[in-house]
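# An overview of the molecular structure
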Amino acid sequence: MIIVLCIVFLQFFGLSTFEKWRRQDVQIVRRREGRKSLPAPAVTICAISKDLLGWKPEAPEGMGLDRCRGQGDMEDCVRKYTFGLEDVLNSSNTVTFAMKNNIYRVGEKINSSLWTSRMTDTTSGMCHTLFYENQMSKATYLLVRPNYNFTVFLHDPKFFVSKDTSLFIPFLKLEDVFRKDLLLTATTKKRMKRESEFDCNPDEEYNFENCVRQKIVDSQGCTTPWDQRPTDKLPKCSQMSSMKAFESYYNQVFYSNEEELKELTGCLLPCTYTHYSLTDTFTIPGNDSSFAIHYALTDLITEEEVLLFPFDSLVSEFGGALGLFLGVSFMTIWDGISSVITLGKTV
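What you see is a predicted model, and the numbers here were worked out from it, not measured in a lab.

About the criteria used
One numbering rule holds for all chains: residues counted from 1, following each sequence as written. Local features in a predicted model are, by the rule used here, given only for residues with pLDDT of at least 70; side-chain atom pairs are given and counted only at 80 or more, and totals for whole chains, interfaces and linings are based on all residues. Hydrogens and water molecules were not included; the side-chain quantities draw on all heavy atoms of the structure. Runs of H or I in DSSP of at least four residues are treated as helices and runs of E of at least two as strands, each being numbered from the N terminus. The classification of residues rests on relative accessible area computed with a 1.4 Å probe and restricted to protein chains. Under 20% of the type maximum is buried, over 50% is exposed, and intermediate values are partly exposed. Note on contacts: a residue pair qualifies if any of its non-hydrogen atoms lie within 4.5 Å across the two residues. Lining residues are those with an atom within 4 Å of a point, where the points come from a 1 Å grid over the protein atoms alone and group into cavities, where a 1.4 Å probe fits but cannot get out, or pockets, open sets with protein on both sides within 12 Å along at least five of seven lines. Grid points are joined across faces, edges and corners, and a volume is the space filled by probe spheres set on the points. Put simply, Ala, Val, Leu, Ile, Met, Phe, Trp, Tyr, Cys and Pro go in the nonpolar bin, Asp, Glu, Lys and Arg in the charged bin, and everything else, Gly too, in the polar bin. Put simply, buried Ala, Val, Leu, Ile, Met, Phe, Trp, Tyr and Cys residues joined by side-chain atoms within 4.5 Å make one nonpolar core. When the centres of two rings from Phe, Tyr and Trp lie within 6.5 Å, Trp using its six-membered ring, the rings pair. Their planes under 30 degrees apart give stacked, over 60 give edge-to-face, and anything left gives tilted. Here, a charge over a ring means that NZ of Lys or CZ of Arg falls within 6 Å of the ring centre while also lying within 35 degrees of the ring normal. Any two cysteine sulfur atoms lying within 2.5 Å of each other are counted as a disulfide. Directions from the helix axis toward the C-beta atoms define the arc. We call two N or O atoms a polar contact when they sit within 3.5 Å, provided that within protein one can donate a hydrogen and the other can accept it, with sequence-adjacent residues counted only if both atoms are side-chain atoms. Any Lys or Arg side-chain nitrogen located within 4 Å of an Asp or Glu carboxyl oxygen qualifies as a salt bridge.

## Section: the overall build of the protein
Across its full length, the protein carries seven helices and 15 strands. Counting the 347 residues in the protein, one finds 42% classified as buried. The long-range fraction of contacts in the protein, counting pairs at least 24 apart against all pairs at least 6 apart in sequence, stands at 77%.

Take a look at the structure:
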């Protein structure tokens, strides 16, 4: 009898409870912790505007590296016809706002060595990224003065590649930044590594962009002249075929979806990263080309995935339902037996 009851229980209660646990559905838990400062976002400027796409107007016709066919040395051609840091950037520095006196004080001038220039997506030409290493308080502004009204990307310093969409690689894309005061909110996202559902790299020091690059570097045994890193041990590519391999690889990266990107690069998305959103925008008076970046608040906002139905909930619900089911069933059987005995005595 007990076996029959257990089979009935599993059929109507137990299996559905187990399936709910097996699905590993998650919910987002949002937390907010007061902080006086936060790390700065990475600021990437690419030579993309309404009238330009990566290369100077006087560049030969074509797309990407094809512009440099027949132009002599490939490295010299790219340097000549794309926008270098000296072309794009006038200056960059920090500004501190004194709350009590409503006074802005120009802070440190940001050394050009904190800017990194690279070209991965050859259609977009050279992009220039500021990795500002100091924390930013609510009164601290990053003031960037570009020479052109190019497209700006704000992103996690360790989680960015040039993509056609920010759907699964989050970045804030900004156009027409001249004389804009950009008010930001930073949110730390913590994804949960779930078997057969979502895989990610839990190492908080993991650099996704470096991982993506290393795949093609190892494949070709060299690095491109326009993407040199201090840690590089391999020589610069000298063969056109290798440079075109880099171009083809990053073109696939640009258009790939999440699964295709993982298969192409072998790189998992990070479990933890920072997402930046634009809270508000103000116009800076005057004719200066600068744009400013600062935080609307410096609280540490965390959105963490947690299991909606963890293992302890499975044990609790399964055990409780089983106990209730068997208890009710036993009492029903006992009542039946008692009724039969009573009836027998009466007869």
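## Brief notes about empty space enclosed by the protein
Under the definition given, this model contains one cavity of 30 Å³ or more. Counted as a void, the largest cavity has a volume near 50 Å³. Class assignment of the residues belonging to the lining of the largest cavity gives a composition of six nonpolar, three polar and two charged.

## Here's the deal with the environment of Ser-241
Position of Ser-241 relative to the elements: it lies in helix 5 (residues 240–255). A residue is classified by how much of its surface remains accessible, and Ser-241, at 54% relative accessible area, is exposed.

## Some details on the nonpolar core
If you look at the biggest cluster of nonpolar residues, it comprises 32 residues, and the most contacted ones within it are Phe-208, Val-212, Trp-226 and Val-253. Every element with two or more residues in this core is listed here: helix 2 (74–81), helix 4 (208–220), helix 5 and helix 6 (258–265). With five residues, the top contributor of residues to this core is helix 5. Among residues more than four places away in sequence, those in contact with Val-212 are Val-161, Tyr-249, Tyr-250, Val-253, Thr-265 and Cys-267.

## Some remarks on the packing of aromatic side chains
Taken as a whole and judged by the stated rule, the model has 10 aromatic pairs. Taking the centre distance of 5.4 Å and the plane angle of 80 degrees together, the rings of Phe-153 and Phe-171 count as edge-to-face. Of this pair, Phe-153 sits in strand 10 (residues 151–155) while Phe-171 is found in strand 11 (residues 171–174), placing the two residues 18 residues apart along the sequence. Among the residues examined, Phe-171 registers a relative accessible area of 11% and is labelled buried. Judged by centre distance (5.7 Å) and plane angle (85 degrees), the ring pair of Phe-160 and Phe-171 falls under edge-to-face. You can see Phe-160 sitting in the loop between strand 10 and strand 11 and its partner Phe-171 sitting in strand 11, a full 11 residues away along the chain. Taking the relative accessible area as the measure of exposure, Phe-160 reaches 13% and is therefore buried. Sitting above the plane of the Phe-83 ring, Lys-56 keeps its charged end 6.0 Å from the centroid.

## Section: the environment of Cys-68
Note on placement: Cys-68 falls in the loop between strand 3 (42–46) and helix 2. Among the residues examined, Cys-68 registers a relative accessible area of 2% and is labelled buried. Sequence separation between Cys-68 and Val-78 is 10 residues; the distance between their C-alpha atoms is 7.3 Å. Setting aside anything within four residues of it in sequence, one finds Cys-68 in contact with Trp-55, Met-74, Cys-77 and Val-78.

## With respect to the state of the cysteines
Every disulfide links exactly two cysteines, by a covalent bond between their sulfur atoms. For the coordinates displayed, the defined rule picks out five disulfides. Disulfide partner of Cys-222: Cys-237, at an S-S distance of 2.0 Å. Between Cys-222 and Cys-237 the disulfide shows an S-S torsion of about 90 degrees. By sign, it is right-handed. Placement of Cys-222 in the loop between helix 4 and helix 5 and of Cys-237 in the loop between helix 4 and helix 5 is noted, with a sequence separation of 15 residues between them. The pair Cys-222 / Cys-237 is uniform in exposure class, with both members buried.

## Focus: helix 2
Every buried residue of helix 2 is listed here: Met-74, Cys-77, Val-78 and Tyr-81. With its buried residues spanning 95 degrees around the axis, helix 2 presents them on a single face. Opposite its buried face, helix 2 presents the exposed residues Asp-76 and Lys-80, each directed more than 90 degrees away. Against the buried residues of helix 2 lie helix 5. The N-terminus of helix 2 is capped by Asp-73, whose side-chain oxygen sits 3.2 Å from the backbone nitrogen of Glu-75.

## Considerations on the pattern of salt bridges
Across all of its chains, the model carries 22 salt bridges by this definition. Between Glu-303 and Lys-189 there is a salt bridge, with its nearest N and O atoms 2.7 Å apart. With Glu-303 in strand 15 (residues 300–307) and Lys-189 in strand 12 (residues 180–190), this pair connects stretches of sequence that are 114 residues apart. On the basis of relative accessibility, which here comes to 18%, the residue Glu-303 falls in the buried class. Relative accessible area serves as the criterion here: at 23%, Lys-189 is assigned to the partly exposed category. The salt bridge involving Asp-227 is made with Arg-213; its shortest N-O contact spans 3.1 Å. Residue Asp-227 is found in the loop between helix 4 and helix 5, and its partner Arg-213 is found in helix 4; the two are separated by 14 residues along the sequence.

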